[in-house]
Every structure is written in structure tokens, then in C-alpha cells.
Amino acid sequence: MKYTPEDVMQYVKDEDAKFIRLAFRDAFGVQKNISIMPGELKKAFEEGISIGAGEIAGFSAGEYGRLYLSPDPSTLSVLPWRPDSGRVVRMFCDLYTQDGAPVEEDTRRILQKAVEKADAAGVDFRFGSSSEFYLFKKDDEGNDTRIPYDHAGYMDIAPLDRGENIRREICLTIEQMGLKPERSHHERGPGQNEIDFHYGRPLKAADQMTTFKMVVQTVADRNGLVADFSPVPLPDAPGNGYHINIYAVDREGNDLCRYAAAGIIEKIREMTIFLNPADGSYARFGTGNAPERVNWSSNDGSEMVHISTHLDKTRVELRSPDALSNPYLVYALLIHAGLYGIEKKLDLPKEMDAEGGLLPQSRKEAVRAAMESEFIHTLLPEGLLKCYLV
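These numbers were taken from a predicted model, which means no experiment stands behind them. (Residues numbered from 1 in each chain as written. Predicted model: local features only at pLDDT ≥ 70, side-chain atom pairs only at ≥ 80, totals over all residues. Heavy atoms only, no water.)

1. Points about the pairing of strand β9 (residues 181-186)
Spelled out, the test is: Paired strands are those between which DSSP finds at least two bridges. By the criteria applied, helices consist of DSSP H or I runs no shorter than four residues and strands consist of E runs no shorter than two, each listed in order from the N terminus.
Where β9 lies against strand β10 (residues 192-200), five bridges are found, and the strand directions are antiparallel. Within the sheet, the bridge partner assigned to Ser184 lies in β10 and is Ile195. Where β9 hands over to β10, the hairpin turn is made up of five residues, of which Gly191 adopts a positive phi near 75°.

Listed below in C-alpha cells is the structure:
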């Protein structure tokens, strides 16, 4: 819903909201926030709320003394696990300098600029996601363990699948926050789960992924569990993927997905450090159904990209990213790579191309590919690159 600042202030008054969380993210997509009282809300919309940036990854090396949070009223949502009386609401924020200029290292801004470029080219991108995570038990003192919550397998049902009620609570909570999960099920690993989301516009899809991870971790904790999105939580079990569905059409509705997929395939090695930012990300490649080669297939398998057509609609699924990535940065890079393929009208390589080469096999190799990429250096500010290319 497109709330205005006036709508938000009236809602806060009518619904007895006592705390307003202003959420933003660091360079790696980790959500941060401060809380303000209702009396500060008008100031937040008109002037922004200042924060010290020195301890936030991506801004600490910059020249900013203080930054200002400007809330996006369209992202208003209630945190359903908080009390109804004196409730808590949350809005995502954009970052500005003391002079009122957008902060170039703000990854939400980087995604906004990518969307603006796509709009200028007459291309509409949408993204859907399927994210996997493990549920582990806590010990008697509340400390995290690596003991799986259950030992069910792929799409098993209760009682083997003990995560069924947890997933149900996650989906209902997300719905209360105005988002729409599509489906959920138990995955192949012990205690491993998956929840999928419909296609959404890029900014909403990134906000949605950020909200989703927060809800999963909150619901798990409320049930005495811990949620783990890391690429390889258990050494001998399937890793966690963050599979992204990509949709692209022109203003007339013509399908551009294959061109976009060709651009992504060509640029994927240069982008991988931002899609797979941790050392453990590379231990996942080539295990289970996780991809290892830069290739595509029309069949579901371990290929990096799946491309299929159903009812005259092309479905493109990228399977290499993991959920430790920053969704704002990931979607921005996918838009730019997709536009590259669309502008060049690139053909896809041969299906199951054995010559497509390997994805980077280590973080060091991925960093080197990005450092040597004109594509990456043209798109991302130096302050952000310094966070990743180390």
C-alpha cells in the first residue's frame, strides 16, 4: 500500500503505536535500526534522523561524520510479535548526507538507480525468491547448537517434519506484515526448510527478503530454536541456497528473459563475490544440488541457471547465490547484467555447455574476478568495493 507521511502519522496515532523502528542496512545487507517515539516522526520525514556512521560496515571508511535516515512511508508495517497496545511499527529508510545528498554506498540507493536505468530502457524487471534455512535446537542454557530440529527429508510431512508449525507461523507473520509467501516445505537436509515468494518489483523484493530473514530468526527464537541461513551449516548435509527467479519484459510485454539470462551468465563470475560473500559460500558450490559450472539447462538439476517455458512465459532461475548476500546489491547487479544481455541481444550459450567454465572456487578467486572487472568498477562506489574486495 502506498502510504504517505501523513498516512503514517495518522496510523501511529490511531493505532497507539509507541515505537517506530527506522531500519536500514550495512554494506552486507545486515539490517540495523534505531527506534524513535511518535513525537519524532514528523521530524524524521521532514529532516531525517541523524546517526553516527562510523561503526556501520560500508560507511566507516567514508568521509561521512553523520548520516540521516529518511523513512520510506510505503514500507510501513507492524511487528506482529509486539504488544497490540503500545505497538511497534517499522519502516525502511534511505540514507542521506548532511547536505541532503543520497549516500552512494547505500545499497538500497544502488538498487533504486538500477531500476531507474531499467525504466529508462523500457524494461520491467521482477524478482521472486526461494530461500533455504536450517532450524537447530538450543541447549538448556539457551545457547545455539548444531543439533537439527528434525531428521525429515525432502517434502516430508509431520510427524517427521517438525518444522511444519514453525513454517506456518513464519508465513502467517509475514502475511500480517503485508507480504505474500507463495509456498513452503521441508528441504533435503535434517532440519532444513524452504519458503518461496512470488515475483515482486526489485525494491519490494529486496525489502521482502530482508523482512523474511528477520521474521524467520525471530519466530525461531520465540520457539526456542535458532535459524541458520549460512551456505553450509552442516559439513555432510545439503547447503542453503538463495534461488532467484528473474522476469523481464519490455513496455509492450515482450519476453526479454532469455537475453537477460545470457547477460547474467556472461557476467556471473565478475559478480559472484557479491552473490556469495563468505568463505563458506564456496564450500557449497558443487555439493548436493548446488551449481559449480557456469551453465544452464531446461531441466531441474545442479545447473547454475534453469530456463523453462510454461504457458508462453519464460522462467529463469539463478541458483548460485546464498542468503548471506545483500539482496539490494544482488538485484541491482542482476538488473545491470540483464540489461547488458538485452541491449546486446545476446544468445544463450549451448545448453549444458561443458566449456562454460567453473564458478569461482574460493573467495579469493571471486575477489580477483571482481577487481579485474570494468563492469563492477563502473557500477559500484569505491567505498563499497573496499568492503568486499579484501
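2. Side note on unusual backbone geometry
Cis geometry marks the peptide bond from Ala158 to Pro159; its omega dihedral reads 5°. Here Pro159 lies in the loop between β8 (144-148) and α4 (164-176). Phi at Asp16 is positive, roughly 55°, even though this residue is not glycine. Structurally, Asp16 is set in the loop between α1 (5-14) and β1 (17-25). Phi at Met155 takes a positive value of approximately 60°, unusual for a residue other than glycine. Note on placement: Met155 falls in the loop between β8 and α4.

3. What about the nonpolar core?
The line we're drawing: Nonpolar cores are built from buried Ala, Val, Leu, Ile, Met, Phe, Trp, Tyr and Cys residues. Side-chain atoms within 4.5 Å join them into one set. Partly exposed describes any residue whose relative accessible area lies between the buried limit of under 20% and the exposed limit of over 50%, with all areas from a 1.4 Å probe on protein chains only and scaled to the type maximum. Only heavy atoms enter the contact rule, under which two residues are in contact if any of them lie within 4.5 Å.
The biggest cluster of nonpolar side chains holds 87 residues, and the ones touching the most others in it are Phe125, Ile170, Phe212, Met271, Phe274, Tyr331 and Leu334. Not counting chain neighbours up to four residues away, the residues in contact with Phe274 comprise Ser325, Asn326, Leu329, Val330, Leu333, Ala370, Ile376, Leu380, Leu385, Tyr388 and Leu389.

4. Remarks on the state of the cysteines
Rules: Disulfide: a pair of cysteine sulfur atoms within 2.5 Å of each other.
With the rule as written, the count across this model stands at zero disulfides. Free cysteine Cys93: the closest other cysteine sulfur is in Cys387, separated by 20 Å. By relative accessible area, Cys93 is classed as buried at 0%.

5. Section: the packing of helix α6 (residues 257-275) against helix α8 (residues 327-344)
The test is simple: Only the contacting stretch of a helix is used when fitting its axis, a line to C-alpha atoms as for every element, and angles between N-to-C directions run 0 to 180 degrees. In this scheme the crossing of two helices becomes right-handed for a clockwise turn of the near helix relative to the far one and left-handed for an anticlockwise turn of less than a right angle. Only Asp, Glu, Lys and Arg are considered charged, only Ala, Val, Leu, Ile, Met, Phe, Trp, Tyr, Cys and Pro nonpolar, and every remaining residue, Gly among them, polar.
At a minimum axis distance of 7 Å, the contact between α6 and α8 shows a crossing angle of 145°. In the crossing of α6 with α8, the sense of the turn from one axis to the other is right-handed. Seen from α6, the contacting residues are Tyr259, Ala260, Gly263, Ile264, Glu266, Lys267, Met271, Phe274 and Leu275; seen from α8, they are Leu329, Val330, Leu333, Leu334, Ala337, Gly338, Tyr340, Gly341 and Ile342. Counted by class, the contact of α6 with α8 contains 13 nonpolar, three polar and two charged residues.

6. Describing helix α3 (residues 107-120)
Note the cut-off: To estimate the expected span of a helix, count its residues, drop one, and scale the result by 1.5 Å. Polar contacts here mean pairs of N or O atoms no more than 3.5 Å apart (in protein, one a potential hydrogen donor and the other a potential acceptor; neighbouring residues in sequence count only if both atoms are side-chain atoms).
Between the first and last C-alpha of α3 there are 20 Å, a value that for 14 residues agrees with the 20 Å anticipated at 1.5 Å per step. By the burial criterion, the buried members of α3 are Thr107, Arg108, Ile110, Leu111, Gln112, Ala114 and Ala118. Check the buried side of α3 and you find it contacts β1, β6 (87-96), β7 (123-138), α5 (202-222), α8 and α11 (382-388). The N-cap of α3, judged by a side-chain oxygen 3.2 Å from the amide nitrogen of Arg108 a few residues on, is Asp106.

7. Some remarks on the packing of aromatic side chains
Convention followed: Only the six-membered ring of Trp is used, alongside the rings of Phe and Tyr, when aromatic pairs are assigned; centres must lie within 6.5 Å, and planes under 30 degrees apart are stacked while those over 60 apart are edge-to-face, with the rest tilted.
Summed over all chains, the structure comprises eleven aromatic pairs. Ring centres of Tyr134 and Phe136 lie 5.6 Å apart, and the angle between their planes is 15°; on these two criteria the pair is classed as stacked. Exposure class is identical for Tyr134 and Phe136. Each is buried. With a centroid separation of 5.5 Å and an interplanar angle of 85°, the aromatic rings of Tyr282 and Phe285 are classed as edge-to-face.

8. Digging into the environment of Ala262
Residue position: Ala262 is located in helix α6. Owing to a relative accessible area of 4%, Ala262 belongs among the buried residues under this scheme. Discounting chain neighbours no more than four positions away, the residues touching Ala262 are Leu346, Asp347 and Leu348.

9. A look at the side chain of Asn295
Examined against the element boundaries, Asn295 turns out to sit in the loop between α7 (281-284) and β13 (296-297). Here Asn295 falls in the buried class, since its relative accessible area comes to 8%. One polar contact links the side chain of Asn295 to the main-chain amide nitrogen of Met304, over a distance of 3.2 Å.

10. A look at the pairing of strand β4 (residues 66-71)
When a strand is regular, its side chains alternate between the sheet's two faces. By the alternation rule, side chains of β4 split into Leu67, Leu69 and Pro71, which are all buried, and Arg66, Tyr68 and Ser70, of which none is buried. Pairing between strand β3 (residues 49-52) and β4: four bridges, direction antiparallel. Within β4, the residue paired with Ile49 across the bridge is Leu69. Bridge analysis of β4 against β6 gives four bridges, and the strand direction is antiparallel. The residue bridging Pro71 from the neighbouring strand is Cys93, located in β6.

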